[in-house]
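Chain and residue survey
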Amino acid sequence: MVKWSDEERKVISTIFSNLDYDDIGPKALRRCLIVYPWTQRHFSTFGDLTTPAAIMKNEKAAAHGIKVLHGLDRALKNMDNIKATYAELSILHSEKLHVDPDNFKLLADCLTITIAAKMGDCFTAATQVIFQKFLCVVVSALGKQYH
Ligand code: HNI
């Protein structure tokens, strides 16, 4: 089981308590759709995603980005049991949505970049180490029910 020090818990909860979900969620998902265009295929019901400009103003993509961030909340609130917390979500992404689990890492990286851009100098290397650990556990848990 993953162990978290008090310092790690503090850093992660500070990042989330200062996070503007409505800003960061859309930015992170849009970045993922633009930088890794094959991820667009899962969102065929979202309307026009054909150009970066279209993605930037796609309201459904923005709303979904916010939903994903709220999904991360569950990991934050269950840090000692992230794997079980995401079991159902992992099954959904695997069996119903057919999302290649490699894409979880890509979205996680876009999230890190978006948060780093927002936090500026406060997002130190030490902060990144801890945040990456958190996202690694999330990505691993989301991929756990694939077989
Ligand atoms: Ni993801 C739905 C969380 C990565 C494609 N996703 C969800 C929902 C949550 C969620 C929460 C809503 C579930 C529900 O309605 O019960 N997704 C997460 C998290 C990550 C992630 C925490 C990674 C950090 N999802 C991805 C990736 C893709 C993806 C990388 C595709 C490239 N997700 C989807 C799709 C849906 C979805 C598609 C359904 C969207 C819809 O509303 O139709």
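Residues numbered from 1 in each chain as written. Predicted model: local features only at pLDDT ≥ 70, side-chain atom pairs only at ≥ 80, totals over all residues. Heavy atoms only, no water.

Labelled according to an unreviewed UniProt entry, the chain appears under the name Globin domain-containing protein, originating from Perca fluviatilis. Recorded in UniProt for the chain, the comment headed Sequence similarities (unreviewed entry) runs: "Belongs to the globin family." (UniProt positions renumbered as here; feature names shortened; annotations may be inferred.)

Bringing the coordination of the nickel atom of the ligand into the picture now. You will see that the nickel atom of the ligand has only one donor from the protein, His93 (NE2), lying 2.2 Å away. Among the secondary structure elements, His93 is positioned in helix α6 (residues 87-96). (Donors = N, O, S within 2.8 Å, 3.2 Å for Na, K, Ca; no water. Helix = DSSP H or I, 4+ residues; strand = E, 2+ residues; numbered from the N terminus.)

This part is about the site of the ligand. As a matter of local geometry, the ligand sits amid 17 residues, with His42, His64, His93, Leu97 and Asn103 nearest to it. At the level of elements, α4 (59-77), α6 and α7 (102-119) are the ones that each hand at least two residues to the shell around the ligand. Sort the elements by how many residues they give to the shell around the ligand and α4 lands first, with five residues. Tallied by class, the residues present in the shell around the ligand amount to nine nonpolar, six polar and two charged. (Near = heavy atom within 4 Å. Nonpolar A, V, L, I, M, F, W, Y, C, P; charged D, E, K, R; others polar.)

With that out of the way, let us pick up the UniProt feature "domain: Globin" (unreviewed entry) in the chain. UniProt annotation of "domain: Globin" (unreviewed entry) refers to residues 3-147 when read in the numbering used here. The annotated region residues 3-147 carries 70% helix and 0% strand content, and the separation between its end C-alpha atoms amounts to 26 Å.

Once that is clear, we can look at the nonpolar core. Generally speaking, soluble globular proteins have nonpolar side chains that are buried together. If you look at the biggest cluster of nonpolar residues, it comprises 31 residues, and the most contacted ones within it are Tyr86 and Phe134. Counting only elements with at least two residues in this core, the list comes to α1 (6-17), α2 (21-35), α4, α7 and α8 (125-142). The element that contributes the greatest number of residues to this core is α8, accounting for nine residues. Excluding residues that lie within four positions of it along the chain, Tyr86 makes contacts with Gly71, Leu72, Arg74, Ala75, Val138, Ala141 and Leu142. In this structure, Leu33, Phe43, Phe46 and Leu49 belong to the second largest nonpolar core, which totals seven residues. (Core = buried A, V, L, I, M, F, W, Y, C linked by side-chain atoms within 4.5 Å. Buried < 20%, exposed > 50% of the residue type's maximum accessible area, 1.4 Å probe, protein only. Contact = heavy atoms within 4.5 Å.)

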